[in-house]
Amino acid sequence: MPFREINSKMVEATVLPGQRLFSQRGAMLAYRGDVTFTPNIAGGQGGLMSMIGRRVAGEATPLMTVEGSGTVMFGHGGHHIQVIGLTGDTLYVEADRLLAFDGTLEQGTMFLGSQGGVMGIVRGQVSGQGLFTTTLRGHGAVAVMAHGGVIELPITPGRPVHVDPQAYVAHHGDVRNKLSTALGWRDMVGRGSGEAFQLELSGSGAVYVQASEEKL
């Protein structure tokens, strides 16, 4: 794992020759050694389709490709940082919550409606998080951002987890997501938070939840 947590708001990454990392623009705080930072308009290893998905989701800023030999410290906006290790599975994470990740991971874009149907589309509109979720697949590490700290909640068969859509950060594993309503449609007028909607995650895996509903 190339990321070392310095404190709750900063991580340090080791950059080795022949390897690369991707980071959000503006995430670099300091670095040591011979390291270069280059805008990546292809959108990581997801190629053109990944970049199209990111732009449709409202993320027009390209990733930065980080290469060379040295160490880099990352952080952004004073947000809490959580490092997640992947061992061949897929991580689903909102694009604007990505701080940095291994260049070995394959990046893609999933339309939320593909799992949540029409309600998946409603979830994107109500939560303000967009209709697309970035996927990262393979072996490596990902540093994600959140407000007020992050807790990892296990998802086990027969015991789904219900999450406020605006508190959702990421999830991984063999998990299905479905948006349900806690109130009638009339009661939901003017409401866009957890008291009206719940994101139900079922299957086997884990979901990461932030302590605050504040948007990044």
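Bear in mind that the values here come from a model prediction, so they are computed numbers and not experimental data.

Analysis parameters
- Residues numbered from 1 in each chain as written.
- Predicted model: local features only at pLDDT ≥ 70, side-chain atom pairs only at ≥ 80, totals over all residues.
- Heavy atoms only, no water.
- Helix = DSSP H or I, 4+ residues; strand = E, 2+ residues; numbered from the N terminus.
- Buried < 20%, exposed > 50% of the residue type's maximum accessible area, 1.4 Å probe, protein only.
- Contact = heavy atoms within 4.5 Å.
- Polar contact = N/O pair within 3.5 Å; in protein donor to acceptor, adjacent residues only side chain to side chain.
- Phe/Tyr/Trp six-rings, centres within 6.5 Å; stacked < 30°, edge-to-face > 60°.

Here we take up the overall build of the protein. Looking only at helices and strands, the protein has two helices and 13 strands in total. Going through the 216 residues of the protein one by one, you find that 51% of them count as buried. Across the protein, the fraction of contacts at a sequence separation of at least 24, relative to all contacts at a separation of at least 6, is 80%.

Considering the arrangement of structural elements, one finds D164 in the loop between β11 (161-163) and β12 (168-181). Of the residues examined, D164 reaches a relative accessible area of 14% and is grouped as buried. Within polar-contact distance, the side chain of D164 engages the backbone nitrogen of Q166 at 2.9 Å.

Moving on: the packing of aromatic side chains. Summed over all chains, the structure comprises two aromatic pairs. With a centroid separation of 5.5 Å and 40° between ring planes, the pair formed by F22 and F101 is classed as tilted. Here F22, found in strand β3 (residues 20-23), pairs with F101, found in strand β7 (residues 98-102); they are 79 residues apart in sequence, far enough to count as distant. Residue classification places F101 among the buried residues on the basis of a relative accessible area of 1%.

Next up on the list: the environment of H76. In this structure, H76 sits in the loop between β5 (63-74) and β6 (80-93). For H76, a relative accessible area of 26% gives the class partly exposed. If we skip the residues at most four places from it in the chain, H76 touches Q24, R25, G26, A27, L99 and M145. At a separation of 3.4 Å, a polar atom in the side chain of H76 contacts the side chain of Q24.

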